[in-house]
Amino acid sequence: MSEFDYGLFVIGAGSGGVRAARIAAAHGARVAVAEEHRVGGTCVIRGCVPKKLLVYGAHFAEDLDDAAMFGWDVPEKRFDWPVLRDNVLAEVSRLEGLYGQTLGNHHVEIIKERAAVAGPNQLRLAGGRAVTARKILIAVGARPALPNIDGIEHAITSNEVFHLDRMPKRVVIAGGGYIANEFAGIFHQFGAHVTLVNRSDTMLRGYDEQIVDRLVKISLAKGLDIRFNAGFDRIEKNEDGSLTCVMKGCDAIHADEVLFAIGRQPNTEGLGLAEAGVALGENGAVIVDDDYRTNVPSIFAVGDVTNRVQLTPVAIREGQAFADSQFGNKPTRVDYRCIPSAVFSHPPIASVGLTEGQARNRLGSAKTFTSDFRAMKNVLAGRNERSLYKLVVDEGTDEVVGLHMIGPDAPEILQAAAVAVKARLKKADFDATVALHPSMAEELVLMR
Ligand code: FAD
């Protein structure tokens, strides 16, 4: 008999926790995972998956308009939000079931309760039960941050946005990150008037400036209202149920919904970590070393709660590396170089490697190659929306150190091209590759 109830106790059945639990169990550990909300975590339940399905739904707005130039006679289009919402929520429930099944197939015990740490090897469940584990993995993710302003209770976050009773006519979105920009595109395509409020004059920090500028230009041309250098003083609820945002830096804005997407905060409040002696960093993030170990040797953390790279594939890789290293006798670390990422805006952005600015700072000098073009489909549709692809090249070695794109299907194209950037291929290798014609992606090998 082991001295502990479990070899591994995972708190949080999200992207990182599910992978770590499943792999540790496959390596022979006795594993339990506690989940206070729904198995699958943010990505499956209220993040990437339902968001991407809304992005697909939103795209029909323009596709149906464009269809006429391709000979289709489409009767007047009408969007029914409850139909899409309910279909998306049903798909989320299906996936939740699959995640539960996968854990069950690997003999991982799922405990549908909140858990907290009570010591280096002790945990306490919300129902009052105390359990012990040889190792504890904190995979509790993050939650939307909210400002401390009057009337904030009238605002929603990405947690509530998938459940709206009706499609609002006017939406104010606070934030300049990828979630804010994605929902700006989604609501706009569904016919809402969108005002995006950004507290500084830059959006999508970390993405290439030229690409971000293109998104701003296209968004403004589509009719989105963007307020830079503006902040919220308070939100007032009016008698008719509508909201008034009293602003700092611009006039008041009237809305039917106000969505805050201003960042995500690690979920460490009330988790017992500080009491157990686990060091926390800025914003309550769990501090870990290269092997995901905290300063308490039996306690580890992966994913958003470490507040490093808040993306699902990263949380999954960290969970896998942790389980292989600690339970599979296969020491593994995640390589954080060249992580591709996307903004599923309208049109989408995708990026890997260094931006032009980062390359100049780090390498001293960098060469850039751009292709600024109108996708063939947009030309025939009469849609005046230009794509922009940009290669950033190390002048000394000819290595492609960054690739940045905005345009239809940019994330789909970039995932494949990211292999070349990660493999440190040279600009000459891109040039030597014959174009696949006619495609948008061929621009990648035609930039001179
Ligand atoms: P999570 O998936 O958040 O899982 C943590 C789990 O822990 C949750 O289920 C939570 O309920 C549970 N939990 C918390 N505290 C406790 C406790 N004390 N006891 C028990 N359970 C607890 N990433 C991408 O890569 N691509 C995207 O397109 C993308 N889109 C996104 C869109 C939105 C709107 C949001 C909000 C996020 C998006 N993300 C995207 C980010 C992605 O969802 C996260 O990076 C990922 O889910 C992190 O995984 P995790 O395992 O760290 O945490």
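What counts and what doesn't
Throughout this document, residue positions are counted from 1 along each chain, in the order its sequence is written. Only residues with pLDDT of at least 70 get local features here, since the model is predicted, and only at 80 or more are side-chain atom pairs given and counted; chain-wide, interface and lining totals rely on the full set of residues. The side-chain values count all of the structure's non-hydrogen atoms but skip hydrogen atoms and water molecules. Boundary definitions for the domains trace back to an automatic or database domain assignment. Working rule for contacts: check all heavy atoms of both residues, and any pair within 4.5 Å makes them a contact. Defined in terms of a 1.4 Å probe, buried area is the accessible area two parts forfeit on being brought together, summed over both. A side-chain nitrogen of Lys or Arg and a carboxyl oxygen of Asp or Glu constitute a salt bridge if their distance falls within 4 Å. Starting at the N terminus, helices and strands are each numbered in turn, a helix being any DSSP run of H or I of at least four residues and a strand any DSSP run of E of at least two. Classification of residues uses two cut-offs on accessible area relative to the type maximum, computed with a 1.4 Å probe and protein chains only: under 20% is buried, over 50% is exposed, and between them is partly exposed. Under the rule applied, a polar contact is a pair of N or O atoms within 3.5 Å (in protein, one hydrogen donor and one hydrogen acceptor; residues adjacent in sequence only if both atoms are side-chain atoms). In this analysis, axes come from line fits to C-alpha atoms, helices being fitted only over the stretch in contact, and the angle between any two N-to-C directions falls in the range 0 to 180 degrees. Oblique is the label for any angle not under 35 degrees, not over 145, and not in the 65 to 115 range, which are roughly parallel, roughly antiparallel and roughly perpendicular in turn. Crossing handedness is read from the near helix: turned anticlockwise from the far helix by less than a right angle, it gives a left-handed crossing, and turned clockwise, a right-handed one. Only Asp, Glu, Lys and Arg are considered charged, only Ala, Val, Leu, Ile, Met, Phe, Trp, Tyr, Cys and Pro nonpolar, and every remaining residue, Gly among them, polar. A pair of strands is treated as paired once DSSP finds two or more bridges between them. When the strands point away from the viewer and the connection leading from the first strand across the helix to the second strand turns clockwise, the crossover is called right-handed. Residues grouped as a nonpolar core are buried Ala, Val, Leu, Ile, Met, Phe, Trp, Tyr and Cys residues, joined through side-chain atoms within 4.5 Å. Here, proximity means that at least one heavy atom of the residue falls within 4 Å of the molecule or strand. Per-residue and other accessible areas follow the Shrake-Rupley method at a 1.4 Å probe size, with only the shown protein chains counted as cover for residues. Only residues above 30% relative accessible area that lack a salt bridge enter a patch, with like-charged residues linked at up to 9 Å and the nonpolar side chains Val, Leu, Ile, Met, Phe, Trp and Tyr linked at up to 5 Å. Disulfide: a pair of cysteine sulfur atoms within 2.5 Å of each other.

## Quick look at the domain arrangement of the protein
Part 1 of the argument: Split into domains, the protein comes out as domain 1 (6-144 + 265-327), domain 2 (152-262) and domain 3 (347-445).
Part 2 of the argument: A separation of 29 Å is found between the C-alpha centroids of domain 2 and domain 3.
Part 3 of the argument: Taken together, the contact pairs 10 residues of domain 2 with 17 residues of domain 3.
Part 4 of the argument: When domain 2 packs against domain 3, close to 1,200 Å² is buried across both sides, 63% of that on carbon and sulfur atoms.
Part 5 of the argument: Taken as a group, Asp208, Ile211 and Arg214 account for 49% of the area that domain 2 buries against domain 3, more than any other trio of residues on that side.
Part 6 of the argument: Seen at the junction of domain 2 and domain 3, the total is three salt bridges.
Part 7 of the argument: Residue Arg214 pairs with Asp372 through a salt bridge whose shortest N-O separation is 2.8 Å.

## Structural notes on the environment of His106
Part 1 of the argument: On the secondary structure map, His106 appears in the loop between α4 (81-105) and β3 (109-111).
Part 2 of the argument: Overall, His106 belongs to the partly exposed group, its relative accessible area being 26%.
Part 3 of the argument: On a C-alpha basis, the gap between His106 and Val379 in space is 52 Å, while along the polypeptide they are 273 residues apart.
Part 4 of the argument: In this view, His106 contacts Arg22, Ala25 and Ala26; residues no more than four positions away in its chain are not counted.
Part 5 of the argument: Here the side chain of His106 touches Thr102 through a polar contact of 2.9 Å, landing on its backbone oxygen.

## Structural notes on the packing of helix α1 (residues 15-26) against helix α7 (residues 312-327)
Part 1 of the argument: The contact between α1 and α7 brings their axes to 7 Å, and the two run at 30°. Here α1 lies roughly parallel to α7, going by the angle between them. Handedness of the α1/α7 crossing: right-handed. Mapping the contact onto sequence places Ser15, Gly16, Arg19, Ala20, Ile23 and Ala24 in α1 and Thr312, Ala315, Ile316, Gly319, Gln320, Phe322, Ala323, Asp324 and Phe327 in α7.
Part 2 of the argument: Split into classes, the residues belonging to the contact of α1 with α7 amount to eight nonpolar, five polar and two charged.

## Quick word on the pairing of strand β1 (residues 6-11)
Part 1 of the argument: Burial runs high along β1: six of the six residues are buried.
Part 2 of the argument: Summarising the sheet, β1 and strand β6 (residues 130-138) pair through five bridges and their orientation is parallel. Note that in β6 the partner of Ile11 across the bridge is Ile138.
Part 3 of the argument: Sheet topology note: the β1/strand β2 (residues 31-34) ladder contains four bridges and is parallel. The residue bridging Leu8 from the neighbouring strand is Val31, located in β2.
Part 4 of the argument: With α1 bridging β1 and the parallel β2, this β-α-β connection has right-handed handedness.

## Digging into the sheet that holds strand β20 (residues 386-394)
Part 1 of the argument: Ordered by their spatial adjacency, five strands build an open sheet running β17-β18-β21-β20-β19, and the pairing between neighbours is antiparallel. Single-partner strands in this sheet number two, and they are β17 (341-343) and β19 (366-374). Recorded for the sheet is a direction-independent mean angle of 15° between the axes of neighbouring strands.
Part 2 of the argument: Packed on one face of the sheet, helix α6 (residues 209-222) meets β18 (349-353), β19, β20 and β21 (400-406) and runs near 170° to β20.
Part 3 of the argument: Contacts from helix α10 (residues 410-422) reach β17, β18, β20 and β21, with the element oriented near 175° to β21.

## A look at the nonpolar core
Part 1 of the argument: Among the nonpolar cores identified, the biggest contains 67 residues, and Ile173, Phe183, Phe187 and Leu403 are the most heavily contacted of them.
Part 2 of the argument: Top contributing element to this core by residue count: α10, with seven residues.

## Remarks on the sheet that holds strand β11 (residues 231-237)
Part 1 of the argument: Within the open sheet, the three strands sit side by side as β11-β12-β13. Their pairing is antiparallel. Either end of the sheet is taken by a strand with one partner, and the two such strands are β11 and β13 (253-255). Mean inter-strand twist for the sheet, computed between neighbouring axes without regard to direction, equals 25°.
Part 2 of the argument: For strand β12 (residues 243-248) and β13, the ladder comprises three bridges, and the chain directions are antiparallel. Note that in β13 the partner of Thr244 across the bridge is His254.

## Focus on the site of the ligand
Part 1 of the argument: In the region of the ligand, 36 residues are neighbours, and Gly16, Glu35, Thr42, Lys51 and Asp304 sit closest.
Part 2 of the argument: With respect to the ligand, the side chain of Arg114 contributes an N or O atom lying 3.1 Å from a nitrogen atom.
Part 3 of the argument: Take Asp304: an N or O atom from its main chain is 2.8 Å from an oxygen atom of the ligand.
Part 4 of the argument: When the free accessible area of the ligand is taken as 1,000 Å², the share hidden by the protein chains comes to 96%.
Part 5 of the argument: Those elements giving two or more residues to the shell around the ligand turn out to be α1, α2 (41-46), α3 (48-66), α5 (178-189) and α7.

## A short note on a nonpolar patch on the surface
Part 1 of the argument: A grouping of Phe60, Leu64, Met69, Phe70, Trp72, Val74 and Leu380 is seen on the molecular surface, where their side chains present a nonpolar patch of about 720 Å² in accessible area.
Part 2 of the argument: Looking at where Phe60 falls in the secondary structure, it is placed in helix α3.

## Quick notes on the state of the cysteines
Part 1 of the argument: On inspection of all chains with the given rule, the structure shows one disulfide.
Part 2 of the argument: Two residues share a disulfide in this structure: Cys43 and Cys48, whose sulfurs sit 2.4 Å from each other. Its S-S torsion of approximately -135° makes the covalent link between Cys43 and Cys48 left-handed.
Part 3 of the argument: A residue is classified by how much of its surface remains accessible, and Cys48, at 32% relative accessible area, is partly exposed.
Part 4 of the argument: With no disulfide of its own, Cys245 has Cys250 as its nearest cysteine by sulfur position, at a separation of 9.1 Å.
Part 5 of the argument: Among the residues examined, Cys245 registers a relative accessible area of 0% and is labelled buried.

## Describing the side chain of Thr294
Part 1 of the argument: Along the polypeptide, Thr294 turns up in the loop between β15 (264-266) and β16 (299-301).
Part 2 of the argument: Residue classification places Thr294 among the buried residues on the basis of a relative accessible area of 7%.
Part 3 of the argument: Polar side-chain contacts of Thr294 include one of 3.1 Å to the backbone oxygen of Val296.
Part 4 of the argument: A distance of 2.8 Å separates the side chain of Thr294 from the backbone oxygen of Ile299, its partner in a polar contact.
Part 5 of the argument: Setting aside residues up to four positions removed in sequence, Thr294 forms contacts with Val278, Val286, Ile287, Val288, Ile299 and Phe300.

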